[in-house]
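# Notes for the structure review
So the chains spell out like this:
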Number of protein chains: 2
Amino acid sequence: MPETIDIAVVGATGLVGEALVELLQERDFPVGTLYLLATGESAGKSVAFRGRNLRVGNLSDFDFAKVRLAFLSTTADVAQASAEQAMAAGCSVIDLSGASQGAGGLPVLPAANAELLAQPSLPVRISAPCAPAAEVAEVLAALRNVLKVRQLSVTACLSASVLGREGVQELARQTAELLNARPLEPKLVDRQYAFNMLAQVGAVDEQGYSALERRMARELSALFPALREGLSVTCSLAPVFFGDVLMLSLKTEGPVSLEAVRAALEASEGIEQLEDDYPTVIGDALGQDTLYVGRLRTGLTDSCELNLWIASDNVRKGAALNAVNLAELLIKHYL
Amino acid sequence: MPETIDIAVVGATGLVGEALVELLQERDFPVGTLYLLATGESAGKSVAFRGRNLRVGNLSDFDFAKVRLAFLSTTADVAQASAEQAMAAGCSVIDLSGASQGAGGLPVLPAANAELLAQPSLPVRISAPCAPAAEVAEVLAALRNVLKVRQLSVTACLSASVLGREGVQELARQTAELLNARPLEPKLVDRQYAFNMLAQVGAVDEQGYSALERRMARELSALFPALREGLSVTCSLAPVFFGDVLMLSLKTEGPVSLEAVRAALEASEGIEQLEDDYPTVIGDALGQDTLYVGRLRTGLTDSCELNLWIASDNVRKGAALNAVNLAELLIKHYL
């Protein structure tokens, strides 16, 4: 293992890109030179890292041969092109965009299937799951030895941050317009989002599913093949700035022992459960490296049912931390 | 049928009580004398009805022998006491509080089981379902002939209005405090509710269910006994002022025909479905006498699964209109 490795972060000015840089700094990640990259107007900005201001370079000018690992936190199109360039230059890739699935990218979540990283040939192209899939998967992985899940229904109430920084700004602007009795002018979202629940994130396909729901289903099915036929996923958008809320209803093969479930969650490093109270994003999860679980309960009449609530910082815990953990595994074993 | 009947509204100053009075007026309900009643400080206020200001009387001074029908839109305790007094005085009761269930009150929803009102002996004590149960039941009733539902998972994102007028004020105050960078002082809700999803409405029992979830399950089981063993209910609270959002996932006995589902919803008077867009509370449902359905889709892999989204005005459509419809049925047949 070398002492340090040179790294690129593509999409460094986005919410997740920023969180990636923060985590690399906080965790004393063995970064040699850090290249921050973006497209369009975001190139040229500067971002603080270890006491210095790093200038964000233009992605189109970057030579991936300079680094051994690149985080791709950008749109699927840009990530796809960058992943190809990086791999051709011998640079391994951790792709947060979803673009690498079906293109040779292993979907890997450290808490669920780290063993997939046991023998990759370098460079390797790894796909990190989207935040809500990673959050659900982390809970499922923790419960793997105490429950045999045959059916899982996930209802997600996502936040403005799933639309990126512009989503957060849209909600803030709309809220201020309403509270100041100014005319509402929806821009990024095509209707009133402030104080209103939206039924979907982005457009839906002919079968009625959004790309995010498809991605969640694809990733959860890849991580837990037994769930492939028993998965139901809904992603709605709540008028909340940050964080993911996920309400899960699981049907299991035998009766659920809440005691065993609690013990398994307790033993899981990345999960904190609240027993006498319920967790929320703002009160508990934001800025944390753990995801919060609460409202554990069996079915109303079905003892083979488990219901629970997850609150998580989607940007930090759901996306950036998993990606950094993947990089740590990769470095430990190979780079 | 008499030309008019004298009516009491208990809880006339609450959100639902106000909507009841509005609907009695809008629908040319054959009211003779209308008595508006409340407890505590709310008595003495005045409420407009048919061009006059009616003074809200004190419930404790009221003699139910003066009226033939009373709407009870108040706490369960007050409703229970009022129902007993009213019945003893020969006055029929439509109880919106849930208190009348298990106390001889028939749970009735006009769209689902109006036949229960076929032969009551007067006075009758009728229990109107809570808004989210009524909304789910209306959709299930519309689909009764095209689907055999064996399992239903309901995830509700309710709004501040489920906590009454004080809930709406709490969300408004918290939102303003945050946007003006003043210290947040939670009062009615024990934590930050503005821009935060809360996992439950009120306290939960030893099994982890809130009273509202229990009520929904009880009412849906009473209206659709076949669902009793296959029901899963979660009620969360979104930082939204008004309206109910309900995300349903149904498992059916045969494959779902979306065409048949659409036709059945189309034929249902109280339901409007959106096909190319999704409905929201603010954009569609508020102030309306219909509930809005969207995001109809079969399962990701399971053709015996139907998923859908409901947006409804919980105060008007979910609670008050159903109660007034019950009264209309009662008057038509008996009073």
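Analysis parameters
- Residues numbered from 1 in each chain as written.
- Chains lettered and ligands numbered in written order.
- Predicted model: local features only at pLDDT ≥ 70, side-chain atom pairs only at ≥ 80, totals over all residues.
- Heavy atoms only, no water.
- Contact = heavy atoms within 4.5 Å.
- Buried area = accessible area lost by both parts, 1.4 Å probe.
- Salt bridge = Lys/Arg side-chain N within 4 Å of Asp/Glu carboxyl O.
- Polar contact = N/O pair within 3.5 Å; in protein donor to acceptor, adjacent residues only side chain to side chain.
- Helix = DSSP H or I, 4+ residues; strand = E, 2+ residues; numbered from the N terminus.
- Nonpolar A, V, L, I, M, F, W, Y, C, P; charged D, E, K, R; others polar.
- Buried < 20%, exposed > 50% of the residue type's maximum accessible area, 1.4 Å probe, protein only.
- Pairing = 2+ DSSP bridges.
- Axes fitted to C-alpha atoms, helices over the stretch in contact; angles between N-to-C directions.
- Least-squares fit on C-alpha atoms with pLDDT ≥ 70 in both.
- 1 Å grid on protein atoms, 1.4 Å probe; cavity = no way out; pocket = protein on both sides within 12 Å on 5 of 7 lines; lining within 4 Å.
- Points joined across faces, edges and corners; volume = space filled by probe spheres on them.
- Right-handed = clockwise from strand over helix to strand, strands pointing away.

If you look at the interface, chain B gives 55 residues, while chain A gives 55 residues. Taking both sides of the interface into account, the surface hidden between chain B and chain A amounts to around 4,600 Å²; carbon and sulfur atoms contribute 56%. Between B:E213 and A:R295 there is a salt bridge whose closest N-O contact spans 2.7 Å. There are 35 residue pairs in polar contact (both at pLDDT 80 or more) connecting chain B and chain A. Every element with two or more residues in the side of chain B that touches chain A is listed here: β10 (149-158), α5 (165-179), α6 (211-223), β11 (231-237), β12 (244-252), α8 (281-285), β14 (291-298) and β15 (305-312) of chain B. The element contributing the most residues to the side of chain B that touches chain A is β11(B), with six residues. Tallied by class, residues from the side of chain B that touches chain A come to 24 nonpolar, 20 polar and 11 charged.

This brings us to the environment of A:A81. Inspection of the secondary structure assignment puts A:A81 in helix α2 (residues 76-88). Expressed as a C-alpha distance, the spacing of A:A81 and A:R215, which sit 134 residues apart in the sequence, is 19 Å.

Between B:L122 and the following residue, B:P123, the backbone shows a cis peptide bond with an omega angle of -5 degrees. Note on placement: B:P123 falls in the loop between α3 (110-113) and β9 (125-127). Unlike most non-glycine residues, A:A181 shows phi in positive territory, near 55 degrees. Among the residues examined, A:A181 registers a relative accessible area of 70% and is labelled exposed. Positive phi outside glycine occurs at B:D28, with the angle close to 50 degrees. Mapped onto the elements of the fold, B:D28 is located in the loop between α1 (15-26) and β2 (31-38).

So, on to the sheet that holds strand β14 (residues 291-298) of chain A. Residues and elements named next belong to chain A. Strands sit in the order β11-β10-β12-β15-β14-β13 across an open sheet of six strands; the sheet is mixed. Both outer strands of the open sheet, β11 (231-237) and β13 (271-273), are each paired with one neighbouring strand and no more. Each strand axis lies, on average, 20 degrees off the axis of its neighbour in the sheet, ignoring direction. Here strand β12 (residues 244-252) pairs with strand β15 (residues 305-312) via eight bridges, running antiparallel. In the sheet register, L248 faces β15, and the bridge partner there is L308. The strands touched by helix α7 (residues 258-266) are β13, β14 and β15; relative to β14, the strand with the most contacts, the crossing angle is about 175 degrees.

Residues and elements named next belong to chain B. With mixed pairing, the six strands of this open sheet are ordered in space as β11-β10-β12-β15-β14-β13. In this open sheet, the two strands that pair with only one neighbour each are β11 and β13 (271-273). Across this sheet, the average inter-strand angle for adjacent strands is 20 degrees, counted without regard to direction. Sheet topology note: the β14/β15 ladder contains five bridges and is antiparallel. Bridged to R297 within β15 is N307. In this fold helix α4 (residues 131-142) packs onto β10, β12, β13, β14 and β15, with an angle of close to 40 degrees to the strand it touches most, β12. Strand contacts of helix α7 (residues 258-266): β13, β14 and β15, with the helix running at about 175 degrees to β14, the strand carrying the most contacts.

The next subject is the relation of the copies chain B and chain A. The operation relating chain B to chain A is a screw motion whose rotation component is 180 degrees, with 0.0 Å of axial translation and a residual RMSD of 0.0 Å. On the angle and the small slide along the axis, the relation comes out as a two-fold axis. When you check the interface residues of chain B against chain A, 100% turn up at the interface there too, and the contact is symmetric in its surfaces.

Moving on, we get to empty space enclosed by the protein. A probe as big as a water molecule, rolled over the atoms, marks out the empty space that is left. Here the structure, examined in full by the defined rule, presents four cavities of 30 Å³ or more. One number sums up the size of the largest cavity: a volume of about 140 Å³. Around the largest cavity, the lining is made up of 17 residues, and of these A:Q151, A:S153, A:K251, B:Q151 and B:S153 lie nearest the centre. Residue assignment for the lining of the largest cavity shows that the elements contributing at least two residues are β10 (149-158) and β12 of chain A together with β10, β11 and β12 of chain B. Of the residues assigned to the lining of the largest cavity, the class counts are three nonpolar, 10 polar and four charged. Here the second largest cavity is characterised by a volume of approximately 90 Å³. When contributions to the lining of the second largest cavity are tallied by element, the ones reaching two or more residues are β10, β12 and β15 of chain A together with β10 and β11 of chain B.

Before going further, it helps to examine the pairing of strand β7 (residues 92-95) of chain A. Residue and element names in this part refer to chain A. Going residue by residue along β7, you find S92 and I94 tucked away on one face and V93 and D95 tucked away on the opposite face as well. Where strand β6 (residues 69-72) lies against β7, four bridges are found, and the strand directions are parallel. Directly across from F71, in β7, lies its bridge partner I94. Handedness of the crossover joining β6 and β7 through α2: right-handed. Sheet topology places β7 next to strand β9 (residues 125-127); three bridges connect them, and they run parallel. Within the sheet, the bridge partner assigned to I94 lies in β9 and is I126.

All names here are of chain B. Within β11, seven of the seven residues are buried, which leaves the element mostly enclosed by the surrounding structure. Of the strand pairs in this sheet, β10 and β11 are connected by seven bridges, and their pairing is parallel. Among the inter-strand pairings, V154 is bridged to a residue of β11, identified as V233.

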